[in-house]
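Here is how the chains run, residue by residue.
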Amino acid sequence: MAAPILSYSTLSSSSLSKPSSFPFCNTATTTSASFLHSKSLQTALSYAANKPPSPLACRNNRNPNPFVSDDEKPREECGVVGIHGDPEASRLCYLALHALQHRGQEGAGIVAVRDSVLHSVTGVGLVSDVFDESKLSQLGGTSAIGHVRYSTAGQSKLANVQPFVAGYRFGSVAVAHNGNFVNYRSLRAKLEHNGSIFSTTSDTEVVLHLIATSKHRPFLLRVLDACENLRGAYSLVFVTEDEKLVAVRDPFGFRPLVMGRRPNGAVVFASETCALDLIEAAYEREVYPGEVVVVDHTGTQSLCLVPRPEPKQCVFEHIYFALPNSVVFGRSVYESRKKFGEMLATESPVECDVVIAVPDSGVVAALGYAAKAGVPFQQGLIRSHYVGRTFIEPSQKIRDFGVKLKLSPVRAVLEGAGTTSSKIVRLIKEAGAKEVHVRIACPPIVGSCYYGVDTPSSEELVSNRMSVEEVREFIGSDSLAFLPLDSLKILLGSDAPNYCYACFSGMYPVEPAELKMNRLGEFWDDGFNGSLEHMDQEEVKIEFWILKADA
């Protein structure tokens, strides 16, 4: 009889819940295990191990901080929320940011309108670290916007934490942004040439300068004027001193933005529906690609920013970024991930006894895989939710320490059967698995994202440089399979043309003419510092894994 197989799926760990991967495991003495990860190897692996940085990667020493982080996965840049017409707007904004914490854990801020003045509280760290009762009391008001963000690498800079507030000739405005402008550099250079002075290194600040320099008088026309100059991905929320709340989504609809309403009639905008659920706001609809929604004391008004092209919504929201309990782009994230797992079980089966997910990202896909394969799903790895993402290993020699601190194997599940890529495989095998098979619930990542996701350059993506077999050998698993791109599109059905697959295909809906390459030592300065000295050259950044153990 064939040895039992453990199928295990995992994602690179993060401090908050994200789409997960799952594994299969058998507790028999002779066991094979299979592991499934819901993300493609950050494909995956942001830097090739055992190879020093290339001269190209190191030639820029002004900002020599590579992706030095124990958080080995693509990262969503931020989440936004806006509330109008509720006496508890600031506190509700605070709660909504908690629901969006998975979208950004390095900075948070809220701007509220009280007595026709914009009051701001921002800080570095988690929402719970930035805000307390005294700070929330300072905000007040019936209208507010909020933001959580991720940085590129290293230590966050407080000046870059949103929302940003600025005064201009006819008043003051605050803005929060999710996305990335691909023409940021040329816009900033032009504005600086004309006398604008920037106080941050964030691309979001350019929006405020465009509003301030617009020739129009009404604020809404200034927003429209500014957005006509923007290229790339943006979901924006603005609030003005006269309590006008404005939500804008780029014409392609890259990043999500939804609209809801509380029982008292207060209007809420948020990056995901999970934020609406937490503050008891009923989901009404998405802010449409290319739409501007204005909310003030007179009601709600909708305008078309520009003629809308075919939408190109980020498919990675369904694969990884959004919470499973959210509805994104009109689809249930939970159902999407479950179907991804089911498809993997059909197209890349493996004989196994148990399916295990690496917390937290691969759980739903693992459940789908296990159900389709008729194999039990078990919790083979226990994750510690009390370990921050900036933990520093005490010694370079203790390479697995950070992984083991975050993920603990359940030996009763893994015995006889095998955390970031090679570390996860090694961790599982040390727990007793004989064989580890990796399944990744998305296609290989071969291209950088320029639309608001923190990814390495194409040169640093392992799947762009290695074949699947080479990656399998590199991470040490017994087999490795990804969800094919064609299969992913089949699962999305008639909506498939409305998604962006640039990270899987290298075909960009909006060409990133001003390349923002996140190479080692050569990337856009976002206000963070670091040193190549702390880079473990054998480390690789991987997103989704599936492991299998056999006798």
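Reading guide: rules and limits
- Residues numbered from 1 in each chain as written.
- Predicted model: local features only at pLDDT ≥ 70, side-chain atom pairs only at ≥ 80, totals over all residues.
- Heavy atoms only, no water.
- Helix = DSSP H or I, 4+ residues; strand = E, 2+ residues; numbered from the N terminus.
- Areas by Shrake-Rupley, 256 points an atom, 1.4 Å probe, with all protein chains shown as cover.
- Core = buried A, V, L, I, M, F, W, Y, C linked by side-chain atoms within 4.5 Å.
- Buried < 20%, exposed > 50% of the residue type's maximum accessible area, 1.4 Å probe, protein only.
- Contact = heavy atoms within 4.5 Å.
- Polar contact = N/O pair within 3.5 Å; in protein donor to acceptor, adjacent residues only side chain to side chain.
- Salt bridge = Lys/Arg side-chain N within 4 Å of Asp/Glu carboxyl O.
- pLDDT = per-residue confidence, 0-100.
- Pairing = 2+ DSSP bridges.
- Axes fitted to C-alpha atoms, helices over the stretch in contact; angles between N-to-C directions.
- Parallel < 35°, antiparallel > 145°, perpendicular 65-115°, else oblique.
- Left-handed = near helix turned anticlockwise from the far one by under 90°.
- Phe/Tyr/Trp six-rings, centres within 6.5 Å; stacked < 30°, edge-to-face > 60°.
- Lys NZ or Arg CZ within 6 Å of the ring centre and 35° of its normal.

Moving on, we get to the overall build of the protein chain. Each helix and strand in the protein chain was counted, giving 18 helices and 29 strands. Here the protein chain displays about 19500 Å² of accessible surface, and carbon together with sulfur accounts for 53% of that area.

With 61 residues, the main nonpolar core has V315, F316, I319, Y451, L488, Y501 and F504 as its most contacted residues. Per-element tally for this core: the top contributor is helix α10 (residues 333-347), with five residues. Those residues within four positions of Y501 in sequence are excluded, and the remaining contacts are V315, L485, L488, K489, L492, A496 and G506. Formed by 30 residues, the second largest nonpolar core is a distinct cluster that contains C93, L139, A144 and A281.

With respect to the secondary-structure elements, R472 resides in helix α16 (residues 468-475). At 2.6 Å, the side chain of R472 and the backbone oxygen of S477 are in polar contact. For R472, the residues in contact, after removing those within four places along its chain, are S477, D478, S479 and L480.

With the rule as written, the count across this model stands at 14 salt bridges. Residues E192 and R188 are paired through a salt bridge, measuring 3.1 Å at the closest nitrogen-oxygen approach. Residue E192 and its partner R188 are located together in helix α5 (residues 184-193), separated by four residues, close to a single helical turn. On the accessibility criterion, E192 (38% relative accessible area) is partly exposed. Relative accessible area serves as the criterion here: at 16%, R188 is assigned to the buried category. Across the salt bridge formed by R261 and E284, the nearest N and O atoms sit 2.7 Å from each other.

On to the environment of G476, then. Relative to the helices and strands, G476 resides in the loop between α16 and β27 (479-482). With relative accessibility at 34%, the residue G476 sits in the partly exposed group. As a C-alpha pair, G476 and H437 span 39 residues in sequence and 9.4 Å in three-dimensional space.

Turning our eyes to something else, we now look at the environment of G82. Along the chain, the position of G82 falls in strand β5 (residues 78-84). In this structure, the C-alpha to C-alpha distance between G82 and I110, residues 28 residues apart in sequence, is 9.5 Å. Not counting chain neighbours up to four residues away, the residues in contact with G82 comprise A144, I145, L245, V267, V268 and F269.

Caution is warranted with low-pLDDT regions, since their predicted coordinates should not be read in detail. In the predicted model, the protein chain carries a mean pLDDT of 77, and the fraction of residues at 70 or more is 71%. Counting interchain partners and residues more than four positions distant, the pLDDT-below-50 stretch residues 1-35 has 299 contacts. Contacts for the low-pLDDT stretch residues 388-400, under 50 throughout, to residues beyond four places or in other chains number 26 contacts.

Position of L230 relative to the elements: it lies in the loop between α7 (219-227) and β11 (232-240). On the basis of relative accessibility, which here comes to 4%, the residue L230 falls in the buried class. For L230 and L187, which are 43 residues apart along the polypeptide, the C-alpha to C-alpha distance reads 8.4 Å. The residues touching L230, leaving out its near neighbours within four places in the chain, are F181, N183, L187, V206, V207 and L210.

Right, let's talk about the sheet that holds strand β16 (residues 291-296) for a bit. Spatially, six strands are ordered β9-β10-β11-β12-β16-β17 in an open sheet, and the strand pairing comes out antiparallel. With one partner strand each, in any of the chains shown, β9 (164-168) and β17 (299-304) form the two edges of the open sheet. Along the sheet, successive strands turn relative to each other by an average axial angle of 20°, direction set aside. Relative to β17, β16 runs antiparallel, the two sharing six bridges. Bridge assignment links V294 to a residue of β17, and that residue is Q301. The sheet strands contacting α7 are β9, β10 (171-181), β11, β12 (245-249), β16 and β17, and the helix crosses β11 at an angle near 165°.

Next up on the list: the packing of α5 against helix α6 (residues 205-213). Each pair of packed helices can be described by the angle between their axes along with the distance between the axes. Where α5 contacts α6, the two axes come as close as 10 Å, and the packing angle between them is 45°. Taken together, α5 and α6 sit at an angle that is classed as oblique. Remark: the crossing between α5 and α6 carries left-handed chirality. Mapping the contact onto sequence places Y184, L187, R188 and L191 in α5 and V206, H209, L210 and T213 in α6.

Under the counting rule described, the total for this entry stands at twelve aromatic pairs. Judged by centre distance (5.4 Å) and plane angle (55°), the rings of Y320 and F321 are tilted. Each member of the pair Y320 and F321 is classed as buried. Taken together through their ring pairs, the aromatic side chains of F252, F254, Y450, Y451 and Y508 make up a single cluster. Its end group placed over the ring of Y501, K489 keeps NZ or CZ at 4.8 Å from the ring centre.

This part takes up α7. Of all nine residues in α7, seven are buried; the element is thus mostly enclosed. Of the positions making up α7, those classed as buried are F219, L220, R222, V223, L224, A226 and C227.

Looking now at unusual backbone geometry. That bond from Q162 to P163 is cis: its omega, 5°, falls within 30 degrees of zero. Within the secondary structure layout, P163 lies in the loop between β8 (143-149) and β9. A positive phi angle, near 55°, is found at D115, a position not held by glycine. The backbone of E280 sits at a positive phi, close to 60°, despite the residue not being glycine. Position of E280 relative to the elements: it lies in the loop between α8 (273-278) and β15 (282-286). Judged by relative accessible area, which is 59%, E280 ranks as exposed.

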